[in-house]
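One-letter residues, chain by chain:
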Amino acid sequence: MALKLKADQVLLLLLVFVPITLVLEYVVHASATTLFLTSAVAIVPLAGIMGKSTEMLAEHVGAGLGGLLNATFGNAAELIIAIFALRAGLHDLVKASLTGSIIGNILLIFGLSALLGGLKFRKQVFNRTAAKLGSTLLLLSAVGLVIPSLLHYLRDGAESGAAAAAGAGSGSLSLEISVVLIVCYILSLVFALRTHADLYQGTGHADGETHGAPAWSKGKSFAVLVGAAAVVGWMSEILVGGAEEAAHSLGMTEVFVGVIVVALVGNAAEHSTAVLVALRNKMDLSIQIAVGSSLQIALLIAPLLVFLSYAVGPAPIDLVFSPLEVVAVAVSVLVVGQIADDGQTHWMEGVLLLAVYVVLGLAFFNLPG
């Protein structure tokens, strides 16, 4: 409890970067790089507040609808950032942030959970059936993201006229695959929340305690959620506005900014919970947070952005990712599938997950612009 209290206090302290960013933007007119950095830090506590308000709201509506609310708003901060990037036409940044969120959750977040939890407990167990389903869904999502890219690069060697036709085809294919992914996501919610909810009983409250009345009223929870989302949108607009210049001045590519920086900004606060519950030997909940969030990105957020791009931004986005992004997602899914296979983790598996994340991060950093 003390550890969680300290984490909450740190988040509250980071809220000071919200007014700092606004002053730098509208009074000081600071550089794009400075605004990018301060707005990135400001989004971290706001994402955490959105997560907490969603949890409080979920306690008022029951387990089934509460689980749906948590699933729907779990990655709201990442979605808001991506929408503003779509408006700015930064498609590479959007795709990179999707890739970064997927690999960040299952490699970095789950890796830290397994490492720190494993240092405290010799062996941590979780429901193998639920974990294997999650890893299988991740494999499906990887297929959905890989196929449009594979088809695109197979056609890439064709002459210019055929290549142009392939580009048009990739957009149509992305729309069709997006429908399949969203349907699978909806059915996975039905499985987890209704037909096989017993498999997820180990993923109860993070504190492992029985809670009485919710700490926040329904009205307060909803108001905080809407208010935090609005401020996240404000900060996201500033963040995206300075992304290109910040990447250039800091010696980073737009893809690296999306894969590492933007992905960490949207995930850091909410998914610190995965590490905290692993330290309390609740690896069921930890793996559900990490894998579940990656699934939501791949099966819901990515296809949703494809649909939204037709109404937002200068041009629609497709599911054609760079070769390194495709490899990163595929490798991450295969690694986490291997670890979930035996239904238990130890600290060395956490080291291996983190090592893969660092290797991929170095590869993205050295990727030519």
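These figures come from a predicted structure and were not determined experimentally. (Residues numbered from 1 in each chain as written. Predicted model: local features only at pLDDT ≥ 70, side-chain atom pairs only at ≥ 80, totals over all residues. Heavy atoms only, no water.)

Considerations on the overall build of the chain
- In terms of helices and strands, the chain carries 14 helices and two strands.
- Residues classed as buried in the chain amount to 49% of the 369 residues present.
- The contacts in the chain between residues at least 6 apart in sequence include a share of 87% that link residues at least 24 apart.
- Accessible area for the chain stands at about 16,200 Å²; split by element, carbon and sulfur atoms hold 68% of it. (Helix = DSSP H or I, 4+ residues; strand = E, 2+ residues; numbered from the N terminus. Buried < 20%, exposed > 50% of the residue type's maximum accessible area, 1.4 Å probe, protein only. Contact = heavy atoms within 4.5 Å. Areas by Shrake-Rupley, 256 points an atom, 1.4 Å probe, with all protein chains shown as cover.)

Overview of the side chain of Ser286
- As for its placement among the helices and strands, Ser286 is situated in helix 12 (residues 283-308).
- Here Ser286 is in contact with Ser113, Ala274, Val277 and Ala278, once residues within four sequence places are set aside.

A closer look at the side chain of Thr38
- On the secondary structure map, Thr38 appears in helix 3 (residues 32-61).
- Among the polar contacts made by the side chain of Thr38, one reaches the main-chain carbonyl oxygen of Leu35 at a distance of 3.3 Å.
- Setting aside anything within four residues of it in sequence, one finds Thr38 in contact with Phe17, Thr21 and Leu24. (Polar contact = N/O pair within 3.5 Å; in protein donor to acceptor, adjacent residues only side chain to side chain.)

Topic: helix 6 (residues 91-120)
- Counted at 1.5 Å a residue, the expected span for helix 6 with its 30 residues is 44 Å, and the 42 Å between its end C-alpha atoms agrees.
- The largest bend along helix 6 measures about 45 degrees and falls at Gly104.
- Counting buried positions along helix 6 gives 25 out of 30 residues, so the element sits mostly inside the fold. (Expected span 1.5 Å × (residues − 1). Bend = angle between axes of the 7 residues up to and from the residue.)

Observations concerning the pattern of salt bridges
- Within the structure shown, the criterion is met by three salt bridges.
- The residue Arg128 makes a salt bridge to Asp341 at a minimum N-O spacing of 3.5 Å. Here Arg128 is found in helix 7 (residues 128-155), whereas its partner Asp341 is found in the loop between helix 13 (323-340) and strand 2 (344-345), with 213 residues between them in sequence.
- Through salt bridges with shared partners, a single ionic network connects Arg128, Lys132 and Asp341. (Salt bridge = Lys/Arg side-chain N within 4 Å of Asp/Glu carboxyl O.)

Comments concerning the nonpolar core
- Residues Ile103, Ile106, Phe110, Met235, Leu305 and Phe364 are the most contacted members of the largest nonpolar core, which totals 99 residues.
- Examining the composition of this core, we find that 15 residues originate from one element, helix 12, more than from any other.
- Not counting residues up to four positions away in its chain, the partners in contact with Met235 are Val18, Thr21, Leu22, Ser39, Ala42, Ile43 and Leu46. (Core = buried A, V, L, I, M, F, W, Y, C linked by side-chain atoms within 4.5 Å.)

Considerations on helix 12
- Look at helix 12: 35 Å from first C-alpha to last across 26 residues, which is about the 38 Å you get at 1.5 Å a residue.
- A bend of about 35 degrees at Ile297 is the largest found in helix 12.
- Of all 26 residues making up helix 12, 20 are buried, and the element is well covered by its neighbours.

Some words on the packing of aromatic side chains
- Applying the stated criterion across every chain, the model contains two aromatic pairs.
- Measuring from centroid to centroid gives 6.2 Å for Tyr26 and Trp234, while their planes differ by 50 degrees, and the two rings are tilted. Here the residue Tyr26 occupies a position in helix 2 (residues 17-28), and Trp234 occupies one in helix 9 (residues 218-241), the gap between them amounting to 208 residues.
- Assessed through its relative accessible area of 46%, Tyr26 is described here as partly exposed.
- Judged by relative accessible area, which is 38%, Trp234 ranks as partly exposed.
- Note on Phe256 and Phe365: the rings are 5.2 Å apart at their centroids and 75 degrees apart in plane angle, and the pair reads as edge-to-face. Of this pair, Phe256 sits in helix 11 (residues 254-278) while Phe365 sits in helix 14 (residues 347-365), placing them 109 residues apart in sequence. (Phe/Tyr/Trp six-rings, centres within 6.5 Å; stacked < 30°, edge-to-face > 60°.)

Notes on the confidence of the model for the chain
- Of the residues in the chain, 85% have a pLDDT of 70 or more, and the chain-wide mean is 83.
- Contacts for the low-pLDDT stretch residues 159-168, under 50 throughout, to residues beyond four places or in other chains number two contacts.
- Note that residues 203-211 has pLDDT below 50 and, in this model, 19 contacts with residues that lie over four places away or in other chains. (pLDDT = per-residue confidence, 0-100.)

Brief notes about a nonpolar patch on the surface
- On the surface, Leu139, Val143, Ile147, Leu150, Leu154 and Leu334 cluster together into a nonpolar patch covering about 570 Å² of accessible area.
- It is helix 7 that contributes the most residues to the nonpolar patch, five residues altogether. (Patch = residues over 30% accessible without salt bridge, like charges linked within 9 Å, V, L, I, M, F, W, Y side chains within 5 Å.)

Concerning the packing of helix 6 against helix 12
- Close contact between helix 6 and helix 12 brings their axes to 9 Å; oriented N to C, the two are set at 175 degrees. By the angle between their directions, the pair helix 6 and helix 12 is classed as roughly antiparallel. On the side of helix 6, the interface is formed by Val94, Leu98, Ser101, Ile102, Asn105, Ile106, Ile109, Phe110, Ser113 and Ala114, while helix 12 contributes Met283, Ser286, Ile287, Ala290, Val291, Ser293, Ser294, Ile297, Ala298, Ile301, Ala302 and Leu305.
- Looking at side-chain class alone, the contact of helix 6 with helix 12 contains 16 nonpolar, six polar and no charged residues. (Axes fitted to C-alpha atoms, helices over the stretch in contact; angles between N-to-C directions. Parallel < 35°, antiparallel > 145°, perpendicular 65-115°, else oblique. Nonpolar A, V, L, I, M, F, W, Y, C, P; charged D, E, K, R; others polar.)

Focus: the environment of Ile339
- Structurally, Ile339 can be placed in helix 13.
- Along the backbone, Ile339 and Leu352 are 13 residues apart, and their C-alpha atoms lie at a distance of 9.9 Å.
- Those residues within four positions of Ile339 in sequence are excluded, and the remaining contacts are Phe110, Phe126, Gln344, Thr345, Glu349 and Leu353.

Things to note about the environment of Val94
- Along the chain, Val94 turns up in helix 6.
- Residue Val94 is classed as buried on the basis of its relative accessible area of 1%.
- In this structure the C-alpha to C-alpha distance between Val94 and Ala302, which are 208 residues apart in sequence, comes to 9.2 Å.

Concerning unusual backbone geometry
- In this structure, His29 is a non-glycine residue whose phi angle is positive, near 55 degrees.
- You can see His29 is positioned in the loop between helix 2 and helix 3.
- On the basis of relative accessible area, His29 is assigned to the exposed category, the value being 59%.

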